[in-house]
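Here's the letter readout for the chains.
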Amino acid sequence: MTEENKPNRILIADDNPQNRELIEAYLAGGDYEIAMAEDGQDTIRQVEAFNPDLLLLDIMMPKMSGFEVCQQLKKDEKTADIPVLVITALRDSADIEKAVEAGADDFLSKPIHRLELMTRVRSLLRVRHLTNERDRLLAYLREMEKPSET
C-alpha cells in the first residue's frame, strides 16, 4: 500500500468518553484510522506509538492540559509538524490565544458541529500531506545536488 492510499491516522484526545465517541462517529465513513487518548499523558504516549497525521485535542484534561500537550509536541522535532485541532468548551479569547501560542493549528468550540469538524479535519490533513510532499521533494533535491562519487 502506498502512502497516498493509506488511511489518515487521527488521534482523538478528550477525557470525556462521550466526546471521544461523538467525534469518532462524526468521522465514521471517512478513510481514517482512529486512536483515542483519555488524558494529557496518555496523549503524549499515543502520539509516539500511533504517529497520527492529525491530533484532535481537548484543552481541559487531567494529568496534563491540552495546552501543555500541544507545547510539548510542538517543541519536539519528531512531532512538531503534526497538526493540532483544539476542541474546547472554553470560549474566552484569552484561552484561544493561549492555544495558538501553545502551537495549535486551529480550534473548534464545543458543541461540535459535524460539517465544521469535517471541513477542518480535511483542511488540516491536506496541509499535512502537502508539507510531507514538500519535505520529500526537498530531501530528493538535496540528494541530487550531492556530488557523485565516481
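What you see is a predicted model; the values in this text were computed from it and never measured.

Chemist: Quick one: what's the story with the pattern of salt bridges, residue by residue and with numbers?
Modeler: The full count for this structure, using the stated rule, is 13 salt bridges. With a shortest N-O distance of 3.1 Å, Asp 106 and Arg 120 are connected by a salt bridge. Of this pair, Asp 106 sits in strand E5 (residues 106–109) while Arg 120 sits in helix H5 (residues 114–145); the two residues are 14 residues apart in sequence, bridging distant segments of the chain. Linked through salt bridges whose partners overlap, the residues forming this network are Asp 14, Asp 58 and Lys 110.

Chemist: I'd like a rundown of empty space enclosed by the protein, residues and numbers included.
Modeler: Taken as a whole, this structure holds one cavity of 30 Å³ or more when the rule is applied. Looking at the lining of the largest cavity, the elements that each hand over two or more residues are strand E4 (84–88) and helix H4 (93–102). With three residues, H4 is the largest single contributor of residues to the lining of the largest cavity.

Chemist: A description of the environment of Leu 85 should follow, citing residues and the corresponding values.
Modeler: Relative to the assigned elements, Leu 85 resides in strand E4. As a C-alpha pair, Leu 85 and Gly 103 span 18 residues in sequence and 9.9 Å in three-dimensional space. Setting aside chain neighbours within four positions, we find Leu 85 in contact with Leu 54, Leu 55, Leu 56, Leu 57, Asp 106, Phe 107, Leu 108, Leu 117, Arg 120, Val 121 and Leu 124.

Chemist: With reference to specific residues and values, describe the side chain of Thr 43.
Modeler: Examined against the element boundaries, Thr 43 turns out to sit in helix H2 (residues 40–50). A relative accessible area of 0% means that Thr 43 is categorised as buried. Among residues more than four places away in sequence, those in contact with Thr 43 are Leu 11, Ala 13, Ala 37, Leu 55, Leu 57, Met 61 and Val 69.

Chemist: Give me the packing of helix H3 (residues 66–75) against H4: which residues, what numbers.
Modeler: For the pair H3 and H4, the least separation of the axes is 8 Å and the interaxial angle reads 20°. Accordingly, the angle class assigned to the pair H3 and H4 is roughly parallel. In this structure, H3 contributes Phe 67, Cys 70, Gln 71 and Lys 74 to the contact, and H4 contributes Asp 95, Lys 98, Ala 99 and Ala 102. Here the residues of the contact of H3 with H4 sort into four nonpolar, one polar and three charged.

Chemist: Outline the sheet that holds E4, listing residues and values.
Modeler: In spatial order, the strands read E2-E1-E3-E4-E5; together these five strands make up an open sheet with parallel pairing. Of all the strands in the sheet, just strand E2 (32–37) and E5 have a single pairing partner and so form its edges. Averaged over all adjacent pairs, the angle separating strand axes in this sheet is 20°, with direction ignored. Set on the sheet, helix H1 (residues 17–27) makes contact with strand E1 (8–13), E2, strand E3 (54–58) and E4; between it and E2 the angle comes to about 175°. In the packing of H3 onto the sheet, contacts are made with E3 and E4, and the angle to E3 comes to roughly 150°.

Parameters and conventions
- Counting from 1, residues in each chain are numbered in the order their sequence is written.
- Where totals are concerned, whole chains, interfaces and linings use all residues; where local detail is concerned, this predicted model gives features only for residues with pLDDT of at least 70, and gives and counts side-chain atom pairs only at 80 or more.
- Where side-chain values are given, they derive from all heavy atoms of the structure, hydrogens and water being excluded.
- Salt bridges are defined as contacts in which a side-chain nitrogen from Lys or Arg sits within 4 Å of a carboxyl oxygen from Asp or Glu.
- Under the scheme used here, helices are H or I runs from DSSP no shorter than 4 residues and strands are E runs no shorter than 2 residues, and both carry numbers assigned from the N terminus.
- Here a cavity is any set of points on a 1 Å grid over the protein atoms alone where a 1.4 Å probe fits but cannot get out, and a pocket is any open set with protein on both sides within 12 Å along at least 5 of 7 lines; a residue lines the site when it has an atom within 4 Å of a point.
- Grid points are joined across faces, edges and corners, and a volume is the space filled by probe spheres set on the points.
- Should any heavy atoms of two residues lie within 4.5 Å, those residues are considered in contact.
- Per-residue accessibility, obtained with a 1.4 Å probe over protein chains only, is compared with the maximum for each type, and a residue is labelled buried under 20%, exposed over 50%, and partly exposed between these values.
- Lines fitted to the C-alpha atoms define the axes, with helices restricted to the stretch that makes contact. Angles between their N-to-C directions range from 0 to 180 degrees.
- For this classification, under 35 degrees means roughly parallel, over 145 means roughly antiparallel, 65 to 115 means roughly perpendicular, and everything else is oblique.
- In the scheme used here, Gly and all other residues not listed as nonpolar or charged are polar, with Ala, Val, Leu, Ile, Met, Phe, Trp, Tyr, Cys and Pro taken as nonpolar and Asp, Glu, Lys and Arg as charged.
- Only strands joined by at least two bridges in the DSSP assignment are considered to pair.

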